[in-house]
Amino acid sequence: MIQRLSALAILGALLAAACGTKPASDTTVGGESATVAAAGLAVFAPLPSRMEVKGEPVNEQKIALGRALFYETLLSDGHNVSCNSCHALNGFGADGRKASLGFNGRPGGRNAPTVYNAAGHVAQFWDGRAADVEAQAKGPILNPVEMGMPDTAAVLKHLRASATYAASFRAAFPEAREPVTYDNLGSAIGAFERGLVTPARWDSYLQGDSAALTGGEKEGLQTFLAAGCQGCHMGAYVGGDRFMKAGLVNAWFSQADSGRIAVTKDANDLFVFKVPSLRNIEKTGPYFHDGSVANLGEAVRLMAHHQLGKEMNPADVQSIVTWLGSMTGELPLSYIAFPQKPK
Ligand code: HEC
Ligand code: HEC
């Protein structure tokens, strides 16, 4: 056994060197197919337990306040929409709709990405226009087609009128002279979102439990790696760490949304979007920035064609879809439990 492992380790290291990547720390991962997988796996990483900013201590009061605000319909003009309306936490953090109606006045609108495993991304939104979840959270409340509050003063008036919120903000931001501020609201919602992680069998596999994936899933992983999908979908979120052009090899099927160029004004960013995370992907359809594709297999086939210039056969498409299922994680049920509503 030990001999077999070290032989695998050497093979893995050789393959990794050939691919210019570091070998995975545990080369036993993947069992029989470990030699290829070990090298390929080096581009991935298990989820962190929280997507924390380095050096920032976890503040339980802030998290509790953020949780309450995430579910709070008082933050919308009609008192009927909360963050949870479009990012249902018990529904994998998305709304299952094609696109939110006329979001930001963009033609066609955009699909709501999941809030799970999002805080660790390089930036927020399909075009990365918010730097982090703290900054992002301040947007939807004032967005006329989302929560539609007229201005921050109106939001703060509601919160300050609530004795419970006044106390919750004070507890979360004890050092502040006036704790109920719009920035602190963003900071609290962000602190809550940083705990929205969904560890999956995929993580157990990456941590060395070869049996965590079925044979079919391991095959699907090999198909994904052989096709070159990990060139963009990599890291702990299997995406989320960079921006890439939609239609890198073959022009994208829709040109209605020009993507990140609206943020950077850089011509190179025409049709560039954040590479989405593939975690929980089987649960967060429909797919792409405009939600135009309902079927996951079809999304995979289109990716191979547009991003890699490959026409993928249905068996390979299905194989990848099978592996993607291993990234469907467990919802943190006690963390997302609906809080006691402040009076
Ligand atoms: C009416 C539906 C709607 C509501 C309400 C809403 N969102 Fe969103 N959310 C969206 C859409 C659509 C996008 C994508 C927009 C884009 O990329 O241009 C989005 C994007 C996000 C993202 C970025 C995720 C990523 O991977 O880039 C986060 C985080 C998020 N919303 C959190 C929130 C929070 C927190 C609230 C409450 C303060 C909220 N949302 C309210 C629809 C909604
Ligand atoms: C060159 C970079 C690149 C490569 C290679 C690539 N992707 Fe993507 N992927 C993207 C980008 C960018 C998007 C977002 C496109 C959009 O919505 O406009 C995306 C979106 C997706 C989506 C939809 C996600 C969602 O939440 O809507 C899936 C599924 C997907 N990719 C799977 C794959 C698979 C499987 C492969 C290999 C066959 C692959 N990708 C190869 C960059 C890439």
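For the structure itself, consult the block above.
Residues numbered from 1 in each chain as written. Chains lettered and ligands numbered in written order. Predicted model: local features only at pLDDT ≥ 70, side-chain atom pairs only at ≥ 80, totals over all residues. Heavy atoms only, no water.

Chemist: Sorry, what's going on with helix α7 (residues 152–160) here?
Modeler: What sets the pattern is the α-helix's 3.6 residues per turn: residues three or four places apart point alike. What α7 keeps buried is the set Ala 154, Val 155, Leu 156 and Leu 159. Packing partners of the buried residues in α7 comprise α3 (60–70), α6 (138–142), α8 (163–172) and α9 (182–193). (Buried < 20%, exposed > 50% of the residue type's maximum accessible area, 1.4 Å probe, protein only. Helix = DSSP H or I, 4+ residues; strand = E, 2+ residues; numbered from the N terminus. Contact = heavy atoms within 4.5 Å.)

Chemist: Would you mind going over the coordination of the iron atom of ligand 2 with me for this structure?
Modeler: Ideal donor angles around a metal are set by the shape: a four-donor tetrahedron calls for 109.5 degrees, a six-donor octahedron for 90 or 180 degrees. Every protein donor of the iron atom of ligand 2 is accounted for by His 233 (NE2) and Met 303 (SD), and the metal-donor separations fall at 2.1 to 2.2 Å. Classification of the site at the iron atom of ligand 2 rests on its 6 donor atoms, whose angles at the metal span 88 to 179°, yielding the label octahedral. Highlighted residues: His 233 in the loop between α11 (215–227) and β1 (243–245) and Met 303 in helix α13 (residues 296–308), separated in sequence by 70 residues. Its relative accessible area of 9% is what places His 233 among the buried residues. (Donors = N, O, S within 2.8 Å, 3.2 Å for Na, K, Ca; no water. Tetrahedral: all angles 85-135°; square planar, octahedral: opposite > 155°, others 65-115°.)

Chemist: I tried to follow the nonpolar core on my own but got confused; where do I start?
Modeler: A general trend in soluble globular proteins is that nonpolar side chains are found buried together. In this structure, Leu 69, Leu 89, Leu 159, Phe 169 and Leu 185 are the most contacted members of the largest nonpolar core, which totals 35 residues. Among the secondary structure elements, those contributing two or more residues to this core are α3, α7, α8 and α9. The biggest single contributor to this core is α9, with 6 residues. Every residue in contact with Leu 185, bar those within four places of it in the chain, is listed here: Leu 69, Leu 75, Ile 141, Val 155, Leu 159 and Phe 169. The next biggest cluster of nonpolar side chains, apart from the first, holds 34 residues, and it includes Tyr 205, Ala 227, Cys 229 and Ala 299. (Core = buried A, V, L, I, M, F, W, Y, C linked by side-chain atoms within 4.5 Å.)

Chemist: Please clarify how the coordination of the iron atom of ligand 1 should be interpreted in this entry.
Modeler: One donor from the polypeptide reaches the iron atom of ligand 1: His 87 (NE2), at 2.0 Å. By secondary structure assignment, the location of His 87 is in the loop between α4 (83–86) and α5 (133–136).

Chemist: In this structure, what is going on with the environment of Gly 329? I would like to understand it.
Modeler: Residue position: Gly 329 is located in the segment after α14 (314–324). Sequence separation between Gly 329 and Ile 281 is 48 residues, and the spatial gap between their C-alpha atoms is 9.9 Å. In this structure Gly 329 touches Phe 92, Thr 198, Pro 199, Ala 200 and Asn 280, once residues within four positions along its chain are discounted.

Chemist: Would you take a moment to explain the layout of surface pockets for this structure?
Modeler: Rolled over the atoms, a probe sized like a water molecule indicates the empty space that remains. The calculated volume of the second largest pocket comes to roughly 190 Å³. Glu 56, Pro 57, Asn 59, Lys 62 and Ala 191 are, among the 16 residues lining the second largest pocket, the residues nearest its centre. When contributions to the lining of the second largest pocket are tallied by element, the ones reaching two or more residues are α3 and α9. Counted by class, the lining of the second largest pocket contains 7 nonpolar, 2 polar and 7 charged residues. (1 Å grid on protein atoms, 1.4 Å probe; cavity = no way out; pocket = protein on both sides within 12 Å on 5 of 7 lines; lining within 4 Å. Points joined across faces, edges and corners; volume = space filled by probe spheres on them. Nonpolar A, V, L, I, M, F, W, Y, C, P; charged D, E, K, R; others polar.)

Chemist: How should the site of ligand 1 be read in this particular structure?
Modeler: Taken together, 28 residues are adjacent to ligand 1, and Cys 83, Cys 86, His 87, Phe 125 and Lys 274 come closest. Note that a nitrogen atom of ligand 1 is positioned 2.9 Å from one of the side-chain N or O atoms of His 87. Side-chain polar atom of Gln 136 to a nitrogen atom of ligand 1: 3.2 Å apart, as the coordinates give it. The set of elements that each furnish at least two residues to the shell around ligand 1 consists of α4, α6 and α9. Residue composition of the shell around ligand 1, by class: 16 nonpolar, 7 polar and 5 charged. (Near = heavy atom within 4 Å. Polar contact = N/O pair within 3.5 Å; in protein donor to acceptor, adjacent residues only side chain to side chain.)

Chemist: Mind showing me how you'd approach the packing of aromatic side chains here?
Modeler: Remark: the centre distance and the inter-plane angle together describe each pair of aromatic rings, the angle taken between the planes. Across all of its chains, the model carries 15 aromatic pairs by this definition. Aromatic side chains Phe 44 and Phe 224 sit 6.5 Å apart centroid to centroid with 40° between the ring planes, which places their arrangement in the tilted category. Residue Phe 44 is located in the loop between α2 (34–41) and α3, and its partner Phe 224 is located in helix α11; the two are separated by 180 residues in the primary sequence. Look at Phe 224 and you get buried, because its relative accessible area is 2%. Aromatic side chains Phe 70 and Tyr 71 sit 6.2 Å apart centroid to centroid with 80° between the ring planes, which places their arrangement in the edge-to-face category. Note that Arg 260 overlies the ring of Phe 243, its terminal NZ or CZ placed 3.8 Å from the centroid. (Phe/Tyr/Trp six-rings, centres within 6.5 Å; stacked < 30°, edge-to-face > 60°. Lys NZ or Arg CZ within 6 Å of the ring centre and 35° of its normal.)

Chemist: Would you mind showing me how to read the site of ligand 2 here?
Modeler: Looking at ligand 2, there are 24 residues lining it, with Cys 229, Cys 232, His 233, His 289 and Met 303 nearest. In this structure, a nitrogen atom belonging to ligand 2 sits 2.9 Å away from a side-chain N or O atom of His 233. Phe 288 places a main-chain nitrogen or oxygen 2.7 Å from an oxygen atom of ligand 2. Broken down by element, the shell around ligand 2 gets its largest block of residues, 6 residues, from α13. In terms of residue class, the shell around ligand 2 is built from 20 nonpolar, 4 polar and no charged.

Chemist: Is there a simple way to explain the pattern of salt bridges in this structure?
Modeler: For side chains bearing opposite charge, pairing can occur when the charged atoms are close. All told, the structure shown has 12 salt bridges when counted by the stated rule. Among the ionic pairs, Glu 52 bridges to Arg 50, the shortest N-O distance being 2.3 Å. The exposure class of Glu 52 is partly exposed, given its relative accessible area of 27%. For Arg 50, a relative accessible area of 18% translates into the label buried. (Salt bridge = Lys/Arg side-chain N within 4 Å of Asp/Glu carboxyl O.)

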